[in-house]
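Fold and contact review
The residues making up each chain are set out below.
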Amino acid sequence: SYFAPEGSQYNMIRVPVGGSDFSTRAYSYDDVEGDDTLQNFALAEEDTKYKIPYIKRAIELNPRNILLFGAPWSSPKWMKTNNEFNGKGQLKEEYYQLWADYFVRFFDEYAKENLTFWSISAENEPSNGFSTNFTFNALGWTSEGERDWVANYLGPTMQKSDHQDVKIMVLDDQRPYLSTWPDIVLTDETAKSYISGIAIHWYMDIISQPSLLSEVHDAYPDVFLLYTEACNGITQMGQIPVDIGAWDRGEAYAKDIIQVTNNWVTGWVDWNIALDEQGGPNWADNFVDSPIIVNATADEFYKQPMYYVLAHFSKFVPQGSQRIELFTTDDKGIENVAFVDPNGNTVIIFLNRNEEAVSVAVTDPDHGAFNLNVEASSIISILY
């Protein structure tokens, strides 16, 4: 359903480096305290039994090129100031080089399985590691700390390895941080020489303007912007974790994707492929929603509106597409974004969040004019 030509044809996969909150346990690839040579480094059963076989199956199913990118949630806890996977903790300075070496070992092990990565995040949500009693895996970095670690450790170590083509992304946190983070990290020429992209999460988009993305692009046009995590059902925001059939959750995805891709974002990645009816498993009980929910007892799964909304973008806007400008007059609240795909086709995606249908007239200088009806509370794509 996600990767095959008859499905959504996803072409990006985010791979946790070690454990995340959506693991069934807290773990790293080297839980032997004080192993300063990483001689005990080894992929976990989660990788060998689940991640790697499913990644290979996805690649086998999809004729499109699939890009893999990694993201660590936490270092081994013995490398951290609080000696825990979760909670308020940062990397001990004596392990700065070892943590960079850990990244290379991860790529080495996946390369043995003939899996190569396109990109790596320096850290998932580095702000979490400064929150007292934070509930799941985290590693705190300030923007200055991440800048210096990438410049002096991760960047040079990757360049000396067999994985120098892996692109490094920074931030991997909420959009409001874009007001300061890029200027602190990317104005350092050494750090910038190793950095290809800025990763962003969607959870605080509501308190910042999408124009902030364009401002960052204009300041650093050679650094790509990628949305790397999103999900609905955040209990801390007053939501219920799983809401089967909720159209408003699919609509929220579409609204965000249209807004951010109109502001130079080059891709948008959902969090979980599938969760159970509770919104897990999640070792920290941080349950959320997913485009596909599995009912294991009944041996069935449910495709949510989020699943179909995402398919409009993943199916019809393949890698290599370019956004084109779309001028609108009296659009009656219709939100839209347009692309030219690698075959030269024009793709326009319309979102109607109104409670009544809207008639839209489209004029293309190369293809003439036509009208279409966008039903109430719907998303449609046209390709010509």
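Let us look at the structure shown here. If you're wondering where the values come from, they're calculated on a predicted model, not measured in any experiment. (Residues numbered from 1 in each chain as written. Predicted model: local features only at pLDDT ≥ 70, side-chain atom pairs only at ≥ 80, totals over all residues. Heavy atoms only, no water.)

**Comments concerning the overall build of the protein chain**
Looking only at helices and strands, the protein chain features eight helices and 16 strands. Its C-alpha atoms give the protein chain a radius of gyration of 21 Å, near enough to 21 Å, the size a compact globule of 384 residues would have. A principal-axis box enclosing the C-alpha atoms of the protein chain has dimensions of 65 × 55 × 40 Å. Across the 384 residues in the protein chain, those meeting the buried criterion constitute 56%. Nonlocal contacts in the protein chain, meaning residues at least 24 apart in sequence, comprise 68% of its contacts between residues at least 6 apart. Entry remark: accessible area of the protein chain is about 17100 Å², with carbon and sulfur atoms responsible for 48%. Charge-centre separation for the protein chain: the mean point of 25 positive side chains lies 3 Å from the mean point of 56 negative side chains. (Helix = DSSP H or I, 4+ residues; strand = E, 2+ residues; numbered from the N terminus. Rg over C-alpha atoms; globule rule 2.2 N^0.38 Å. Buried < 20%, exposed > 50% of the residue type's maximum accessible area, 1.4 Å probe, protein only. Contact = heavy atoms within 4.5 Å. Areas by Shrake-Rupley, 256 points an atom, 1.4 Å probe, with all protein chains shown as cover. Lys, Arg positive; Asp, Glu negative; His and termini not counted. Charge placed at Lys NZ, Arg CZ, Asp CG, Glu CD.)

**Comments concerning unusual backbone geometry**
Phi is mostly negative for residues that are not glycine, and the peptide bonds are mostly trans. Across the junction of Gly 280 and Pro 281, the peptide omega takes the value 5 degrees, indicating a cis bond. Considering the arrangement of structural elements, one finds Pro 281 in the loop between strand S8 (275-276) and strand S9 (292-295). Positive phi is not limited to glycine here, since Asn 83 has a value of about 55 degrees. If you trace the backbone, Asn 83 turns up in the loop between strand S2 (67-72) and helix H2 (96-111). For Asn 133, which is not glycine, the phi torsion reads 65 degrees and is therefore positive. Tracing the backbone through its elements, the reader meets Asn 133 in the loop between strand S3 (119-121) and helix H3 (143-160). Accessibility expressed as a relative area gives 66% for Asn 133, which makes it exposed.

**A short note on the pairing of strand S13 (residues 346-352)**
Of all seven residues making up S13, seven are buried, and the element is well covered by its neighbours. Side chains Thr 346, Ile 348, Phe 350 and Asn 352 project from S13 onto one buried face, and the interleaved Val 347, Ile 349 and Leu 351 project onto a second face that is buried too. As judged from the six bridges shared by strand S12 (residues 335-340) and S13, these two strands associate in the antiparallel manner. Across the sheet, residue Glu 335 finds its bridge partner in S13, namely Leu 351. (Pairing = 2+ DSSP bridges.)

**A few points about the sheet that holds strand S6 (residues 224-229)**
In spatial order, the strands read S1-S2-S3-S4-S5-S6-S7; together these seven strands make up an open sheet with parallel pairing. Of all the strands in the sheet, just strand S1 (12-17) and strand S7 (265-268) have a single pairing partner and so form its edges. The mean inter-strand angle of the sheet, taken between neighbouring strand axes irrespective of direction, is 30 degrees. Along the sheet, H2 contacts S1, S2 and S3; its crossing angle with S1, the most-contacted strand, is approximately 125 degrees. Packed onto the sheet, helix H6 (residues 211-219) meets strand S5 (195-201), S6 and S7 and runs at close to 140 degrees relative to S6. (Axes fitted to C-alpha atoms, helices over the stretch in contact; angles between N-to-C directions.)

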